[in-house]
Amino acid sequence: MTPADLSMTVLRAVRRAVDENALRAPVPARVRVERTRPGGRGDYASAVALQLAGPAALSAREVAEILRERVAGAPGIGRVEITGPGFLNFTLDASADAYGALLSRVREQGLRYGHGDALTGDPLRFSHAHEVRAAVTADAVGRLVRAQGARVHIGCDGAPDPDWARLGVTVDAGEPFATETEIRPVPAGATAGELLRRLGPDATRWGLLRPAGHDRAPLGDDLIVQGEANALFLVRYAHSRVHALTHGAALLGFASAPGRAPTGTGADALLALLADHPAALLAAARHRAPDRIARHLEAVARALLDFHDAVSPLPVGDEKPSAAHRSRLALAEAAGTVLAGGLSLLGISAPRHL
(Lines give C-alpha, C1' and ligand atoms only; values in the text may rest on other atoms or scores of the structure.)
Protein backbone atom coordinates (compact mmCIF):
# COMPACT_ATOMS: atom_id res chain seq x y z
CA MET A 1 0.00 0.00 0.00
CA THR A 2 1.36 3.39 -1.04
CA PRO A 3 0.92 6.61 1.00
CA ALA A 4 -1.63 7.74 -1.60
CA ASP A 5 -3.57 4.48 -1.16
CA LEU A 6 -3.51 4.89 2.61
CA SER A 7 -4.66 8.50 2.34
CA MET A 8 -7.63 7.43 0.18
CA THR A 9 -8.48 4.60 2.58
CA VAL A 10 -8.63 7.00 5.54
CA LEU A 11 -10.60 9.52 3.49
CA ARG A 12 -13.16 6.83 2.65
CA ALA A 13 -13.42 6.08 6.37
CA VAL A 14 -14.14 9.75 7.08
CA ARG A 15 -16.83 9.88 4.38
CA ARG A 16 -18.43 6.74 5.70
CA ALA A 17 -18.44 8.01 9.29
CA VAL A 18 -20.12 11.23 8.10
CA ASP A 19 -22.66 9.32 5.97
CA GLU A 20 -23.54 7.18 8.98
CA ASN A 21 -23.92 10.26 11.23
CA ALA A 22 -21.22 8.87 13.50
CA LEU A 23 -19.23 12.01 12.73
CA ARG A 24 -20.69 15.43 12.02
CA ALA A 25 -17.96 17.38 10.32
CA PRO A 26 -17.08 18.50 6.79
CA VAL A 27 -15.21 15.89 4.77
CA PRO A 28 -11.74 17.21 3.91
CA ALA A 29 -10.57 17.25 0.31
CA ARG A 30 -7.67 14.96 1.26
CA VAL A 31 -6.15 13.28 4.29
CA ARG A 32 -2.46 13.79 4.95
CA VAL A 33 -0.38 10.82 6.09
CA GLU A 34 3.30 10.98 7.01
CA ARG A 35 6.05 8.55 7.81
CA THR A 36 6.15 7.89 11.55
CA ARG A 37 8.92 9.78 13.28
CA PRO A 38 11.71 7.90 15.10
CA GLY A 39 10.37 6.35 18.29
CA GLY A 40 6.78 6.47 17.03
CA ARG A 41 4.49 3.55 16.32
CA GLY A 42 3.67 1.98 12.99
CA ASP A 43 4.71 2.93 9.49
CA TYR A 44 2.56 6.01 8.93
CA ALA A 45 0.60 8.48 11.06
CA SER A 46 -2.17 10.99 10.47
CA ALA A 47 -3.50 13.92 12.49
CA VAL A 48 -6.87 13.90 10.72
CA ALA A 49 -8.73 13.22 14.01
CA LEU A 50 -7.27 16.38 15.52
CA GLN A 51 -8.33 18.29 12.41
CA LEU A 52 -11.94 17.06 12.65
CA ALA A 53 -12.36 17.21 16.43
CA GLY A 54 -13.42 20.87 16.60
CA PRO A 55 -16.08 20.78 13.84
CA ALA A 56 -17.36 17.44 15.18
CA ALA A 57 -17.62 18.76 18.77
CA LEU A 58 -15.80 15.64 19.99
CA SER A 59 -12.40 14.98 21.47
CA ALA A 60 -9.71 14.01 18.99
CA ARG A 61 -9.45 10.56 20.59
CA GLU A 62 -13.20 10.02 20.11
CA VAL A 63 -12.86 10.95 16.44
CA ALA A 64 -9.84 8.65 16.14
CA GLU A 65 -11.84 5.74 17.62
CA ILE A 66 -14.64 6.33 15.10
CA LEU A 67 -12.16 6.31 12.22
CA ARG A 68 -10.16 3.34 13.53
CA GLU A 69 -13.29 1.17 13.42
CA ARG A 70 -13.70 1.99 9.75
CA VAL A 71 -10.07 1.61 8.71
CA ALA A 72 -9.07 -1.53 10.62
CA GLY A 73 -9.09 -4.59 8.39
CA ALA A 74 -8.77 -2.70 5.11
CA PRO A 75 -6.54 -4.47 2.57
CA GLY A 76 -2.90 -3.57 3.17
CA ILE A 77 -3.38 -2.38 6.75
CA GLY A 78 -2.18 -4.67 9.49
CA ARG A 79 -2.86 -2.60 12.61
CA VAL A 80 -4.30 0.79 13.57
CA GLU A 81 -3.37 2.40 16.91
CA ILE A 82 -4.23 5.68 18.61
CA THR A 83 -1.48 7.61 20.36
CA GLY A 84 -1.17 10.94 22.12
CA PRO A 85 -4.16 13.26 21.92
CA GLY A 86 -5.60 11.38 18.94
CA PHE A 87 -3.02 10.54 16.29
CA LEU A 88 -3.85 7.55 14.11
CA ASN A 89 -0.87 5.25 13.56
CA PHE A 90 -0.93 2.67 10.77
CA THR A 91 1.17 -0.46 10.51
CA LEU A 92 0.99 -1.79 6.98
CA ASP A 93 0.45 -5.47 6.32
CA ALA A 94 3.94 -6.92 6.10
CA SER A 95 2.83 -9.75 3.83
CA ALA A 96 3.11 -9.31 0.10
CA ASP A 97 -0.48 -10.40 -0.23
CA ALA A 98 -2.83 -8.37 1.94
CA TYR A 99 -5.50 -9.15 -0.62
CA GLY A 100 -4.94 -12.85 -0.08
CA ALA A 101 -5.08 -12.33 3.68
CA LEU A 102 -8.47 -10.63 3.39
CA LEU A 103 -9.91 -13.37 1.20
CA SER A 104 -8.44 -16.06 3.44
CA ARG A 105 -10.11 -14.41 6.42
CA VAL A 106 -13.47 -14.40 4.63
CA ARG A 107 -13.04 -18.02 3.61
CA GLU A 108 -12.03 -19.16 7.10
CA GLN A 109 -14.78 -17.28 8.94
CA GLY A 110 -17.48 -17.94 6.37
CA LEU A 111 -20.87 -16.50 7.25
CA ARG A 112 -19.39 -15.22 10.54
CA TYR A 113 -16.97 -12.89 8.75
CA GLY A 114 -17.40 -9.49 10.40
CA HIS A 115 -18.74 -10.86 13.68
CA GLY A 116 -16.86 -9.68 16.76
CA ASP A 117 -16.93 -9.04 20.48
CA ALA A 118 -17.18 -5.24 20.59
CA LEU A 119 -20.54 -5.34 22.43
CA THR A 120 -19.61 -8.04 24.93
CA GLY A 121 -20.45 -6.84 28.41
CA ASP A 122 -23.69 -5.59 29.90
CA PRO A 123 -26.77 -7.43 28.60
CA LEU A 124 -29.18 -5.53 26.38
CA ARG A 125 -32.95 -5.40 26.61
CA PHE A 126 -35.16 -4.41 23.68
CA SER A 127 -38.91 -4.00 23.69
CA HIS A 128 -41.23 -3.35 20.79
CA ALA A 129 -44.84 -2.56 20.05
CA HIS A 130 -47.35 -5.24 19.11
CA GLU A 131 -46.83 -4.51 15.42
CA VAL A 132 -45.12 -6.49 12.66
CA ARG A 133 -42.49 -3.95 11.59
CA ALA A 134 -41.44 -3.31 15.17
CA ALA A 135 -41.24 -7.07 15.81
CA VAL A 136 -39.12 -7.77 12.71
CA THR A 137 -36.85 -4.78 13.36
CA ALA A 138 -36.27 -5.81 16.98
CA ASP A 139 -35.47 -9.34 15.82
CA ALA A 140 -32.93 -8.06 13.26
CA VAL A 141 -31.35 -5.70 15.80
CA GLY A 142 -31.06 -8.65 18.19
CA ARG A 143 -29.26 -10.70 15.53
CA LEU A 144 -26.85 -7.84 14.84
CA VAL A 145 -25.89 -7.15 18.44
CA ARG A 146 -25.54 -10.88 19.19
CA ALA A 147 -23.10 -11.07 16.29
CA GLN A 148 -20.99 -8.52 18.20
CA GLY A 149 -21.02 -10.55 21.41
CA ALA A 150 -24.00 -9.03 23.24
CA ARG A 151 -26.50 -10.88 25.41
CA VAL A 152 -30.00 -9.84 24.44
CA HIS A 153 -33.54 -10.07 25.78
CA ILE A 154 -36.38 -9.02 23.45
CA GLY A 155 -39.82 -8.32 24.87
CA CYS A 156 -43.14 -7.26 23.35
CA ASP A 157 -46.06 -5.07 24.44
CA GLY A 158 -48.55 -7.90 24.41
CA ALA A 159 -48.79 -11.51 23.33
CA PRO A 160 -46.86 -12.32 20.11
CA ASP A 161 -48.83 -12.60 16.87
CA PRO A 162 -48.76 -16.30 15.81
CA ASP A 163 -47.82 -15.23 12.27
CA TRP A 164 -44.58 -13.65 13.52
CA ALA A 165 -43.05 -17.12 13.86
CA ARG A 166 -43.29 -17.53 10.08
CA LEU A 167 -41.11 -14.42 9.84
CA GLY A 168 -38.51 -15.89 12.17
CA VAL A 169 -39.51 -13.62 15.06
CA THR A 170 -39.47 -14.87 18.64
CA VAL A 171 -40.16 -13.08 21.91
CA ASP A 172 -38.01 -14.02 24.90
CA ALA A 173 -39.62 -15.36 28.04
CA GLY A 174 -38.34 -14.90 31.58
CA GLU A 175 -37.23 -11.88 33.50
CA PRO A 176 -35.91 -9.05 31.31
CA PHE A 177 -32.63 -7.29 31.89
CA ALA A 178 -32.75 -3.95 33.63
CA THR A 179 -31.75 -1.61 30.79
CA GLU A 180 -34.37 -1.28 28.07
CA THR A 181 -34.35 0.24 24.58
CA GLU A 182 -37.60 0.67 22.70
CA ILE A 183 -37.71 -0.32 19.05
CA ARG A 184 -40.33 1.92 17.46
CA PRO A 185 -40.14 2.18 13.66
CA VAL A 186 -42.96 3.71 11.62
CA PRO A 187 -45.71 1.02 11.62
CA ALA A 188 -46.15 -1.09 8.50
CA GLY A 189 -49.88 -0.47 8.16
CA ALA A 190 -50.55 -4.18 7.56
CA THR A 191 -50.52 -7.35 9.62
CA ALA A 192 -47.95 -10.11 9.36
CA GLY A 193 -50.56 -12.45 7.90
CA GLU A 194 -51.49 -9.99 5.16
CA LEU A 195 -47.86 -9.40 4.19
CA LEU A 196 -46.99 -13.08 4.25
CA ARG A 197 -49.89 -13.99 1.96
CA ARG A 198 -48.88 -11.35 -0.56
CA LEU A 199 -45.07 -11.26 -0.34
CA GLY A 200 -43.79 -14.31 1.53
CA PRO A 201 -41.34 -14.17 4.47
CA ASP A 202 -38.14 -13.02 2.73
CA ALA A 203 -39.65 -10.13 0.76
CA THR A 204 -41.67 -9.10 3.82
CA ARG A 205 -38.56 -8.90 6.01
CA TRP A 206 -36.60 -7.01 3.36
CA GLY A 207 -39.45 -4.58 2.78
CA LEU A 208 -39.74 -3.88 6.50
CA LEU A 209 -35.99 -3.62 7.17
CA ARG A 210 -34.58 -1.89 4.08
CA PRO A 211 -35.94 1.61 4.87
CA ALA A 212 -34.63 3.47 7.90
CA GLY A 213 -36.90 3.07 10.90
CA HIS A 214 -38.11 6.68 10.75
CA ASP A 215 -39.23 6.24 7.12
CA ARG A 216 -42.38 4.56 5.87
CA ALA A 217 -41.80 1.05 4.54
CA PRO A 218 -42.93 0.65 0.89
CA LEU A 219 -44.52 -2.80 0.76
CA GLY A 220 -45.74 -3.05 -2.81
CA ASP A 221 -45.66 -6.08 -5.09
CA ASP A 222 -42.42 -4.80 -6.64
CA LEU A 223 -40.67 -6.58 -3.74
CA ILE A 224 -41.31 -9.90 -5.49
CA VAL A 225 -40.51 -8.77 -9.03
CA GLN A 226 -37.63 -10.73 -10.55
CA GLY A 227 -35.73 -7.77 -11.90
CA GLU A 228 -32.73 -5.57 -11.21
CA ALA A 229 -34.90 -2.71 -9.97
CA ASN A 230 -35.82 -4.90 -7.00
CA ALA A 231 -32.87 -4.59 -4.58
CA LEU A 232 -33.67 -7.86 -2.81
CA PHE A 233 -33.64 -9.73 -6.12
CA LEU A 234 -30.37 -8.00 -7.07
CA VAL A 235 -28.64 -9.08 -3.85
CA ARG A 236 -29.87 -12.67 -4.05
CA TYR A 237 -29.16 -12.88 -7.78
CA ALA A 238 -25.56 -11.74 -7.21
CA HIS A 239 -25.20 -14.41 -4.52
CA SER A 240 -26.61 -17.15 -6.75
CA ARG A 241 -24.41 -15.98 -9.63
CA VAL A 242 -21.33 -16.71 -7.52
CA HIS A 243 -22.47 -20.31 -7.02
CA ALA A 244 -22.98 -20.61 -10.77
CA LEU A 245 -19.42 -19.37 -11.32
CA THR A 246 -18.00 -21.88 -8.83
CA HIS A 247 -19.94 -24.67 -10.51
CA GLY A 248 -18.77 -23.55 -13.95
CA ALA A 249 -15.16 -23.47 -12.81
CA ALA A 250 -15.45 -27.01 -11.44
CA LEU A 251 -16.75 -28.20 -14.80
CA LEU A 252 -13.70 -26.58 -16.43
CA GLY A 253 -11.38 -28.27 -13.95
CA PHE A 254 -10.19 -25.38 -11.79
CA ALA A 255 -10.97 -23.76 -8.46
CA SER A 256 -10.43 -20.35 -6.92
CA ALA A 257 -7.09 -19.18 -5.50
CA PRO A 258 -6.35 -15.62 -4.32
CA GLY A 259 -3.08 -15.20 -6.24
CA ARG A 260 -2.40 -11.60 -7.19
CA ALA A 261 -5.17 -9.12 -6.51
CA PRO A 262 -7.19 -8.10 -9.55
CA THR A 263 -6.82 -4.37 -10.14
CA GLY A 264 -9.06 -1.81 -11.78
CA THR A 265 -12.20 -2.95 -13.64
CA GLY A 266 -14.26 -2.74 -10.45
CA ALA A 267 -12.01 -4.98 -8.34
CA ASP A 268 -10.78 -2.16 -6.09
CA ALA A 269 -14.33 -1.03 -5.27
CA LEU A 270 -15.41 -4.58 -4.48
CA LEU A 271 -12.34 -5.22 -2.32
CA ALA A 272 -12.96 -2.03 -0.35
CA LEU A 273 -16.56 -3.05 0.33
CA LEU A 274 -15.51 -6.51 1.51
CA ALA A 275 -12.90 -4.99 3.81
CA ASP A 276 -15.55 -2.57 5.14
CA HIS A 277 -17.99 -5.37 6.01
CA PRO A 278 -16.91 -5.85 9.67
CA ALA A 279 -17.17 -2.10 10.31
CA ALA A 280 -20.58 -2.00 8.58
CA LEU A 281 -21.90 -4.79 10.83
CA LEU A 282 -20.58 -3.11 13.96
CA ALA A 283 -22.04 0.28 13.02
CA ALA A 284 -25.43 -1.27 12.26
CA ALA A 285 -25.39 -3.05 15.62
CA ARG A 286 -24.40 0.04 17.58
CA HIS A 287 -26.98 2.25 15.89
CA ARG A 288 -29.69 -0.46 16.00
CA ALA A 289 -30.05 0.07 12.25
CA PRO A 290 -30.48 -3.06 10.10
CA ASP A 291 -31.25 -0.81 7.12
CA ARG A 292 -27.51 -0.03 6.98
CA ILE A 293 -26.75 -3.69 6.30
CA ALA A 294 -29.37 -3.86 3.56
CA ARG A 295 -27.78 -0.87 1.82
CA HIS A 296 -24.29 -2.31 2.30
CA LEU A 297 -25.40 -5.58 0.68
CA GLU A 298 -26.86 -3.69 -2.25
CA ALA A 299 -23.51 -1.94 -2.77
CA VAL A 300 -21.63 -5.25 -2.60
CA ALA A 301 -24.04 -6.86 -5.08
CA ARG A 302 -23.72 -4.02 -7.59
CA ALA A 303 -19.92 -3.94 -7.26
CA LEU A 304 -19.77 -7.71 -7.72
CA LEU A 305 -21.91 -7.66 -10.86
CA ASP A 306 -19.94 -4.72 -12.29
CA PHE A 307 -16.70 -6.60 -11.64
CA HIS A 308 -18.12 -9.77 -13.18
CA ASP A 309 -19.26 -7.93 -16.30
CA ALA A 310 -15.89 -6.20 -16.73
CA VAL A 311 -13.62 -9.23 -16.30
CA SER A 312 -15.21 -12.65 -16.27
CA PRO A 313 -13.97 -15.05 -13.58
CA LEU A 314 -14.48 -17.84 -16.12
CA PRO A 315 -12.58 -18.27 -19.39
CA VAL A 316 -14.31 -16.76 -22.40
CA GLY A 317 -14.01 -18.06 -25.95
CA ASP A 318 -10.60 -19.61 -26.58
CA GLU A 319 -9.21 -18.64 -23.17
CA LYS A 320 -7.76 -21.31 -20.93
CA PRO A 321 -8.15 -21.21 -17.14
CA SER A 322 -5.35 -19.11 -15.72
CA ALA A 323 -4.13 -17.67 -12.45
CA ALA A 324 -6.09 -14.51 -13.27
CA HIS A 325 -9.33 -16.49 -13.52
CA ARG A 326 -8.62 -18.26 -10.23
CA SER A 327 -7.95 -14.93 -8.53
CA ARG A 328 -11.11 -13.32 -9.92
CA LEU A 329 -13.15 -16.31 -8.82
CA ALA A 330 -11.72 -16.07 -5.28
CA LEU A 331 -12.80 -12.44 -5.09
CA ALA A 332 -16.29 -13.27 -6.37
CA GLU A 333 -16.65 -16.13 -3.87
CA ALA A 334 -15.66 -13.83 -1.00
CA ALA A 335 -18.36 -11.39 -2.11
CA GLY A 336 -20.89 -14.23 -2.21
CA THR A 337 -19.98 -15.17 1.36
CA VAL A 338 -20.49 -11.58 2.53
CA LEU A 339 -23.88 -11.41 0.79
CA ALA A 340 -25.03 -14.68 2.36
CA GLY A 341 -23.79 -13.67 5.81
CA GLY A 342 -25.46 -10.28 5.65
CA LEU A 343 -28.78 -11.73 4.50
CA SER A 344 -28.61 -14.25 7.33
CA LEU A 345 -28.28 -11.44 9.88
CA LEU A 346 -31.39 -9.85 8.37
CA GLY A 347 -33.20 -13.17 8.70
CA ILE A 348 -33.44 -13.62 4.93
CA SER A 349 -32.50 -16.73 2.97
CA ALA A 350 -29.76 -16.73 0.33
CA PRO A 351 -30.75 -19.41 -2.21
CA ARG A 352 -28.07 -20.84 -4.48
CA HIS A 353 -30.45 -20.81 -7.43
CA LEU A 354 -33.11 -18.28 -8.42
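Numbering of residues starts from 1 in every chain and runs along the sequence as written. Confidence filtering applies because this is a predicted model: local features only for residues at pLDDT of at least 70, side-chain atom pairs given and counted only at 80 or more, and all residues used for totals across whole chains, interfaces and linings. Side-chain numbers come from the whole structure's heavy atoms, not from hydrogens or water.

Peer 1: How do you make sense of the overall build of the protein when you look at a structure like this?
Peer 2: Runs of H or I in DSSP of at least four residues are treated as helices and runs of E of at least two as strands, each being numbered from the N terminus. Across its full length, the protein carries ten helices and seven strands. Only C-alpha atoms enter the radius of gyration, while the globule expectation follows 2.2 Å times N to the 0.38, with N the number of residues. Over its C-alpha atoms the protein spans a radius of gyration of 22 Å, differing by no more than 12% from the 20 Å that the globule rule assigns to 354 residues. Viewed in the frame of its principal axes, the protein has a C-alpha envelope of about 65 × 60 × 35 Å. Out of the 354 residues in the protein, the part that is buried amounts to 51%. Contacts are assigned to residue pairs with any non-hydrogen atoms lying within 4.5 Å of each other. Long-range pairs, those at least 24 residues apart, make up 73% of the contacts in the protein between residues at least 6 apart in sequence. In these tables, accessible area is a Shrake-Rupley quantity obtained with a 1.4 Å probe, and a residue counts as shielded only by the protein chains included in the view. Entry remark: accessible area of the protein is about 16,200 Å², with carbon and sulfur atoms responsible for 52%. For the charge count, each Lys or Arg is scored as positive and each Asp or Glu as negative, with His and the chain ends excluded. A single reference atom marks each charge: NZ on Lys, CZ on Arg, CG on Asp, CD on Glu. Separation between the mean location of the 40 positive side-chain charges and that of the 38 negative ones in the protein comes to 3 Å. Exposure categories follow from relative accessible area, calculated using a 1.4 Å probe and restricted to protein chains: below 20% of the type maximum is buried, above 50% is exposed, and the middle band is partly exposed.

Peer 1: Help me understand the sheet that holds strand β5 (residues 124–128) in this model?
Peer 2: Hydrogen bonding along the main chain pairs the strands of a sheet, whether they run parallel or antiparallel. Pairing is parallel in the open sheet, where three strands are placed in the order β6-β5-β7. Each edge of the open sheet is held by one strand with a lone partner, namely β6 (152–156) and β7 (181–183). In this sheet, neighbouring strand axes are inclined to one another by 30 degrees on average, regardless of whether the strands run parallel or antiparallel. Between any two strands, at least two bridges found by DSSP are needed for them to pair. Note: β5 against β6, five bridges, orientation parallel. Residue pairing for β6: S127 is matched across the bridge by G155. Interaxial angle, 0 to 180 degrees, is taken between N-to-C directions of lines fitted to C-alpha atoms, where a helix line uses only the stretch in contact. Contacting β5, β6 and β7, helix α5 (residues 132–146) crosses the sheet at an angle of about 175 degrees to β6.

Peer 1: Quick question: what am I supposed to make of helix α8 (residues 267–286) here?
Peer 2: Since the α-helix turns once every 3.6 residues, residues separated by three or four places project in the same direction. How far a helix is expected to stretch is found by multiplying one less than its residue total by 1.5 Å. Over its 20 residues, α8 extends 29 Å from the first C-alpha to the last, a length consistent with the 28 Å expected when each residue adds 1.5 Å. Considering bend angle alone, the principal kink of α8 is centred on H277 and spans about 45 degrees; proline P278 follows within four residues of it. Burial analysis of α8 places 16 of its 20 residues in the buried class, the great majority of the element. At the exit of α8 stands R288, carrying a positive phi of roughly 55 degrees. Two axes enter the bend calculation: one fitted to the seven residues ending at the residue in question, the other to the seven starting there, and the bend is the angle between them.

Peer 1: Mind showing me how you'd approach the side chain of R16 here?
Peer 2: Structurally, the position occupied by R16 is in helix α1 (residues 3–19). Overall, the relative accessible area of 14% leaves R16 in the buried class. Residue contacts for R16: discarding those within four places in its chain leaves R70, D276, A279 and A280.

Peer 1: Please explain the pairing of β6 as it appears in this structure.
Peer 2: Consecutive residues of a regular strand have side chains that alternate between opposite faces of the sheet. Burial analysis of β6 places five of its five residues in the buried class, which makes it a mostly covered element. Going residue by residue along β6, you find V152, I154 and C156 tucked away on one face and H153 and G155 tucked away on the opposite face as well. Looking down the strands as they point away from the viewer, one classifies a crossover as right-handed if the path from the first strand across the helix to the second runs clockwise. In this region the chain leaves β5, passes through α5 and returns to the parallel neighbour β6; the handedness of that crossover is right-handed.

Peer 1: What am I meant to see in the packing of aromatic side chains here?
Peer 2: Aromatic ring pairs are described here by two measures, namely the spacing of the ring centres and the angle between the planes. Each Phe, Tyr or Trp ring, with Trp reduced to its six-membered ring, pairs with another whose centre is within 6.5 Å; inter-plane angles below 30 degrees give stacked pairs, above 60 give edge-to-face pairs, and intermediate values give tilted ones. This model, assessed by the stated rule, comprises one aromatic pair. Ring centres of F233 and Y237 lie 5.8 Å apart, and the angle between their planes is 15 degrees; this geometry places the pair in the stacked category. With F233 and Y237 both in helix α7 (residues 231–251), this residue pair falls four residues apart, about one helical turn. Relative accessible area serves as the criterion here: at 18%, F233 is assigned to the buried category.

Peer 1: Help me understand the packing of helix α9 (residues 290–310) against helix α10 (residues 323–345), please; the structure alone is not making it clear to me.
Peer 2: When two helices pack together, their arrangement is given by the angle between the helix axes and by the axis-to-axis distance. Between α9 and α10, whose axes approach to 10 Å, the crossing angle comes to 160 degrees. In terms of axis orientation, α9 runs roughly antiparallel to α10. Crossing of α9 over α10 shows left-handed handedness. Along its contact with α9, which presents I293, L297, V300, A301, L304 and F307, the element α10 presents R328, L331, A332, A335, V338, L339, G342 and L343. Here the residues of the contact of α9 with α10 sort into twelve nonpolar, one polar and one charged. Any angle between 65 and 115 degrees counts as roughly perpendicular, while under 35 counts as roughly parallel, over 145 as roughly antiparallel, and the rest as oblique. Crossing handedness is read from the near helix: turned anticlockwise from the far helix by less than a right angle, it gives a left-handed crossing, and turned clockwise, a right-handed one. Polar here means any residue other than Ala, Val, Leu, Ile, Met, Phe, Trp, Tyr, Cys and Pro, which are nonpolar, and Asp, Glu, Lys and Arg, which are charged; Gly is therefore polar.

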